[in-house]
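Listed below, chain by chain, are the residues.
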Amino acid sequence: MPRLSEVIAALDNLWPAERAESWDAVGTVVGDPDQEVARVLFAVDPVRETVDEAVKLDADLLVTHHPLYLRGTTTVAASTFKGRVVHTLIKNDIALHVAHTNADTADPGVSDALAGALDLRILRPLVPDPSDPAGRRGLGRVCEPDRPLTVRELAARAAERLPATAQGIRVAGDPDATVRTVAVSGGSGDSLFDHVRAAGVDAFLTADLRHHPVSEARAQSSLALLDAAHWATEWPWCELAAAQLDEISDRHGWDLRVHVSRTVTDPWTAHAASSTTTDTSGAPN
């Protein structure tokens, strides 16, 4: 049975902390390097629901994509919800490790997992990492579907293949336009529009798209935009990461039991569709 320090060293080889953005907070948040690890749980968010799941699973290590304290803190008092997470983890001897932007740009990383979930063939990174001579690491991926799709078909595939959320998939653009190439980026992606336009793709699938960037992007080109829930675009990485750790465990003879949380921690819980109408003369008074 490996010690936490050995498992963390393996995870750091997959997602080196030095490749995280300077503003990010990655690495081990809670945990004794000498504790033994037998069971690991992967999740997107280090929130009460996934921590409770780790406790019920009798996990020794929780690995999440999102940081617990991204902007720092002055307290871990149990009267705060993040402090309660810390207390629960420590009381139950569960370590917490975070791989965020260092997993976004990894090879394979978050966007590779997203592309795989949608059955897209990866051509290259959307924003290549200049420190990678092989040209495989970087933010986002430029892909092509197994056959040309309409925007409507691509949206339907995303709705079917990604975890179900209240949001579903929003589309900006002509639903009947043909998609031969598509850029994908797990998580918030509207800061990447310049790179997407430079890539010359037909569509861009990401999350957290805002009104003004979308409006401006649509005014500049015929690029179709598909907006999924943030959590849904990053959850496939959990399965990828779990498979990577499984392979490492087999190679080292660790016999780890690796699990993926299927608890939906997307904060949006319901969706009320607008009434269907063809009248576009103006907004209601």
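Residues numbered from 1 in each chain as written. Predicted model: local features only at pLDDT ≥ 70, side-chain atom pairs only at ≥ 80, totals over all residues. Heavy atoms only, no water.

### A closer look at the overall build of the chain
Quick reminder of the rule: A run of DSSP states H or I qualifies as a helix once it reaches four residues; a run of E qualifies as a strand once it reaches two. Both are numbered from the N-terminal end. Restricting the calculation to C-alpha atoms gives the radius of gyration, and the globule rule supplies 2.2 Å times the number of residues raised to the power 0.38. Every accessible area reported is derived by Shrake-Rupley at a probe size of 1.4 Å, with residue values counting cover from the shown protein chains alone. Here Asp and Glu are counted as negative and Lys and Arg as positive; His is not counted, and neither are the chain ends. Here the site of a charge means NZ on Lys, CZ on Arg, CG on Asp, or CD on Glu.
When helices and strands are counted, the chain shows 9 helices and 13 strands. Against the globule reference of 19 Å for 285 residues, the chain gives a C-alpha radius of gyration of 20 Å, in line with a compact fold. Overall size of the chain, expressed as C-alpha extent along the three principal axes, is 65 × 50 × 30 Å. As displayed, the chain offers around 14,300 Å² of accessible surface, 49% of which is attributable to carbon and sulfur atoms. The centroid of the 26 positive side-chain charges in the chain is displaced by 2 Å from the centroid of its 41 negative side-chain charges.

### Details of the sheet that holds strand E12 (residues 224-228)
Our working definition: The rule for pairing is simple: two strands pair if DSSP sees at least two bridges between them. An axis is simply a line fitted to the C-alpha atoms; with a helix, the fit covers only the stretch in contact. Between two such axes, the angle follows the N-to-C directions and lies from 0 to 180 degrees. Note on contacts: a residue pair is in contact if any heavy atoms of the two residues lie within 4.5 Å.
Ordered in space as E5-E6-E10-E11-E12-E8, the 6 strands form an open sheet in which the pairing is mixed. Edge positions in the sheet fall to strand E5 (120-128) and strand E8 (170-172), since each of these pairs with one other strand and no more. When strand polarity is set aside, the average angle formed by the axes of neighbouring strands in this sheet is 25°. Bridging between E5 and strand E6 (residues 138-145) involves 7 bridges; their strand directions are antiparallel. Note that in E6 the partner of Ile 122 across the bridge is Cys 143. Across the sheet, helix H5 (residues 110-117) touches E5, E6, strand E10 (182-188) and strand E11 (203-207), and the angle it forms with E10 is around 120°. Relative to E12, helix H6 (residues 151-161) is tilted by about 15°, and along the sheet it contacts E5, E8, E10, E11 and E12.

### Remarks on the sheet that holds strand E1 (residues 27-30)
Strand order across the open sheet formed by 5 strands is E1-E4-E3-E2-E13, with mixed pairing between neighbours. The open sheet terminates on both sides in strands that have one partner only, identified here as E1 and strand E13 (257-260). Taking each pair of neighbouring strands and ignoring which way they run, the sheet shows an average axis angle of 25°. Where strand E2 (residues 39-43) lies against strand E3 (residues 61-64), 4 bridges are found, and the strand directions are parallel. Opposite Ala 43, over in E3, you have Thr 64 as the bridge partner. Across the sheet, helix H9 (residues 230-252) is in contact with E2, E3 and E13; its angle to E13 comes to roughly 175°.

### Focus on unusual backbone geometry
Inclusion rule: The classification of residues rests on relative accessible area computed with a 1.4 Å probe and restricted to protein chains. Under 20% of the type maximum is buried, over 50% is exposed, and intermediate values are partly exposed.
Look at the link from Asp 107 to Pro 108: it is a cis peptide, with omega at 0°. Inspection of the secondary structure puts Pro 108 in the loop between helix H4 (101-104) and H5. Phi angles above zero are rare outside glycine, and Asp 208 is one such case at about 60°. One non-glycine residue with positive phi stands out, namely Asp 255, at about 60°. Position of Asp 255 among the secondary structure elements: in the loop between H9 and E13. The exposed category is assigned to Asp 255, whose relative accessible area is 64%.

### Some details on the nonpolar core
Here is the rule we go by: Definition of nonpolar core: a set of buried residues of the types Ala, Val, Leu, Ile, Met, Phe, Trp, Tyr and Cys, connected through side-chain atoms within 4.5 Å.
Counting residues in each nonpolar core, the largest one holds 51 residues, and the members touching the most others are Trp 15, Phe 42, Leu 61 and Trp 237. Filtering out sequence-adjacent residues up to four positions away, Phe 42 remains in contact with Trp 15, Val 63, Cys 238, Ala 241, Ala 242, Leu 245, Val 258, His 259, Val 260 and Ser 261.

### Things to note about the pairing of strand E4 (residues 95-98)
Rule in force here: For a crossover, the right-handed case is the one in which the path from the first strand over the helix to the second runs clockwise, viewed with the strands pointing away from the viewer.
Residues Ala 95 and His 97 line one face of E4 and the alternating positions Leu 96 and Val 98 line the opposite face, and both faces are buried. In terms of strand pairing, E1 meets E4 through 3 bridges, oriented antiparallel. Residue Val 30 lies in a different strand from E4, and its bridge partner there is Leu 96. In this sheet, E4 lies alongside E3 in parallel orientation, the contact comprising 4 bridges. Its bridge partner lying in E4, Leu 62 is registered against Leu 96. The parallel pair E3 and E4, bridged by helix H3 (residues 81-91), forms a crossover whose chirality is right-handed.

### Description of the packing of aromatic side chains
The condition is simple: Ring pairs shown here join Phe, Tyr and Trp side chains whose ring centres sit within 6.5 Å, with only the six-membered ring taken for Trp; geometry is labelled stacked below 30 degrees between planes, edge-to-face above 60, and tilted in between.
Enumeration according to the criterion identifies 3 aromatic pairs in this entry. Plain terms: the ring middles of Phe 193 and Phe 204 are 6.0 Å apart, the flat faces sit at 75° to each other, and that makes the pair edge-to-face. Pair noted here: Phe 193 is in helix H7 (residues 193-199) and Phe 204 is in strand E11, with a separation of 11 residues, a long-range link. Phe 204 matches Phe 193 in its accessibility class, with the two residues each being buried. Here the aromatic residues Trp 15, Phe 42 and Trp 237 are joined through ring pairs into a cluster of three or more.

That's the geometry; what it means functionally is another story.
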